[in-house]
Amino acid sequence: MLVLVINCGSSSVKYDLIETETEKQFCTGMVERIGAVTAIVKHKPADGKEIKDSKVIHNHTDALKQILEFLLDEENQIVEKKSDIKAVGHRVVHGGEQFKDSVLIDDNVIEAIEQAIDLAPLHNPPNLKGIQAAMEALPNVPHVAVFDTAFHHSLPAHAYLYGIPNRLYRRYKIRRYGFHGTSHYFVSRQYYKRIEKPVSKTKVITCHLGNGASIAAIDGGKSVDTSMGFTPLAGLVMGTRCGDIDPSILFYLVEKEELNLHSLHALVNRHSGLLGLSGFASDMRDLINEADNGDRRCQQAIDVFCYKIKQYIGSYMASLNGCDAIIFTAGIGENSYRIREQAVSNMEGLGIILDKERNKSVKPGQIERISTDDSRTEVLVVPTNEELVIAIDAAKIAQASSQSPWI
Ligand code: ADP
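Note that the coordinates shown come from a computational prediction; the quantities given were computed from them, not determined experimentally.

Rules used in this analysis
- Residues numbered from 1 in each chain as written.
- Predicted model: local features only at pLDDT ≥ 70, side-chain atom pairs only at ≥ 80, totals over all residues.
- Heavy atoms only, no water.
- Helix = DSSP H or I, 4+ residues; strand = E, 2+ residues; numbered from the N terminus.
- Buried < 20%, exposed > 50% of the residue type's maximum accessible area, 1.4 Å probe, protein only.
- Polar contact = N/O pair within 3.5 Å; in protein donor to acceptor, adjacent residues only side chain to side chain.
- Contact = heavy atoms within 4.5 Å.
- Near = heavy atom within 4 Å.
- Nonpolar A, V, L, I, M, F, W, Y, C, P; charged D, E, K, R; others polar.
- Salt bridge = Lys/Arg side-chain N within 4 Å of Asp/Glu carboxyl O.
- Pairing = 2+ DSSP bridges.
- Axes fitted to C-alpha atoms, helices over the stretch in contact; angles between N-to-C directions.

### As for the side chain of D324
Its location among the elements puts D324 in the loop between α11 (296–320) and β12 (325–329). We classify D324 as buried; its relative accessible area is 19%. Here K203 takes part through its backbone nitrogen, which lies 2.7 Å from a polar atom of the side chain of D324. Those residues in contact with D324 that sit more than four places away from it in its chain are Y191, K197, K201, T202, K203, R376, T377 and E378.

Take a look at the structure:
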């Protein structure tokens, strides 16, 4: 089934056109800087070169029109007619406590995503804009919401409750939700395909290390803990997000620097993490270059980043009572042998021994084992593919809905 996967940010729309039976990506692209003087539009057909353009794009509806025009353009030969696209899968960041699985979008689902805006004020509004724009552009196909939080619904209460008055959980649903669920799900499934042991007996730790970064502990195929929390700000040090900090720091800063809520929010979300620590960049490639040129703060930022990963791995080995495999994925996890090596160095005592040569020679896009043959815990690099998970879920639900006598 040909599925259009949509991922909307406040000023961007990313898309992928995927054929689910063959898992082939026909085309990918994005519209950035929506609403600015000129927006940037990029398309990359599977067998062609990237096409880049800049034009005025007022809103998400315009962006969707641009994308469909490109896909349907006779010259590009990507999709013959609109009706060839059989479903649309939408990435939705926050499903709150309600959504344990992907769902067919109807008025009730839209209302529930609206209700979760409180929990994800930065993410859910653009996700909703994308849903509305795509439903206008493709009104005759099923639209499916796939939630970043859904995979972590299996967290037990002792992992999702915070040590704050319980009434705040009951009243406001303040709890750990966890994010990057589709990625943790996908890479753990890729690992299960390689082994003979029954999934119910496996213990896996997945490290999604991109601009946003999170780690999950997966027991018998189910997420039992994860480093992001009530919002994607918690856990590891990220590109610009601070990760776990002592909450008292915020009260202290309110007094010392007279920060208001808005500037505190910006400080911990946009000016912290690798960028804040290094004072130079949020991008790991830039940091590694500068550290190699002798910049001490860039090296420190890398050291803090890696130490946090090691701490979470150790902590989740305790939660899981051991671990069969540690999986690295996403931009940094898939591409940086340096970060992988530093993150799991000196862990022989826990049964983790990296093979440095294997680690260095990982080929892009391949699943590779990077631990030694005698390492008790396997360490692997597994490329993620969140869009494929969204496309497959959307196809399944679209198919079921077309066979349902109720719809
Ligand atoms: P997101 O999807 O969260 O925006 P990605 O998964 O694309 O992020 O990861 C982006 C990060 O991956 C950046 O910090 C980038 O520097 C890093 N990255 C990509 N390739 C490499 C590489 N070869 N070495 C080190 N870091 C890399």
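### A look at the site of the ligand
In the region of the ligand, the neighbouring residues are G210, N211, G212, D283, M284, R285, A330, G331, I332, N335 and S336. At 3.0 Å from an oxygen atom of the ligand is found a side-chain nitrogen or oxygen belonging to N211. Take I332: an N or O atom from its main chain is 3.3 Å from an oxygen atom of the ligand. Within the residue set of the shell around the ligand, elements represented by two or more residues are α10 (284–292) and α12 (330–335). For the shell around the ligand, the element with the highest residue contribution is α12, accounting for four residues. Its residues assigned to classes, the shell around the ligand comprises three nonpolar, six polar and two charged.

### Here we look at the pattern of salt bridges
The final tally for this structure, using the stated rule, is 17 salt bridges. For R91, the salt bridge goes to D148, with nearest N and O atoms at 2.5 Å. With R91 in strand β6 (residues 87–92) and D148 in the loop between β8 (143–147) and α4 (157–160), the pair connects residues that are 57 residues apart, well separated along the chain. A single network of salt bridges, built from pairs that share partners, joins E97, K173 and R175.

### Notes on the pairing of strand β14 (residues 378–381)
Consecutive side chains along a regular strand alternate between the two faces of the sheet. What you see with β14 is no split at all: E378 and L380 on one side and V379 and V381 on the other are buried throughout. Direction of pairing for β12 relative to β14: parallel, over a ladder of four bridges. Its bridge partner lying in β14, A325 is registered against E378. Relative to β14, strand β13 (residues 368–369) runs antiparallel, the two being bridged by two bridges. Each residue of the ladder has a partner; that of E368, found in β14, is V381.

### Regarding helix α8 (residues 261–270)
For α8, the set of buried residues is L264, A266, V268 and N269. For α8, the elements touching its buried residues are α7 (248–256). Two to three positions downstream of the cap, the backbone nitrogen of H262 sits 3.2 Å from a side-chain oxygen, assigning the N-cap of α8 to N260.

### Topic: the sheet that holds strand β3 (residues 24–32)
Adjacent strands of a sheet pair through backbone hydrogen bonds, lying either parallel or antiparallel. One open sheet accounts for eight strands, arranged β5-β4-β3-β2-β1-β6-β8-β7; its pairing is mixed. Both edges of this open sheet fall to β5 (51–55) and β7 (103–104), since each of them pairs with a single strand only. Sheet analysis places strand β2 (residues 13–19) next to β3, joined by seven bridges and oriented antiparallel. Bridging across to β3, Y15 finds its partner in G29. Together, β1 (2–8), β2, β6, β7 and β8 form the strand contacts of helix α15 (residues 386–403), whose direction differs from that of β6 by roughly 130 degrees.

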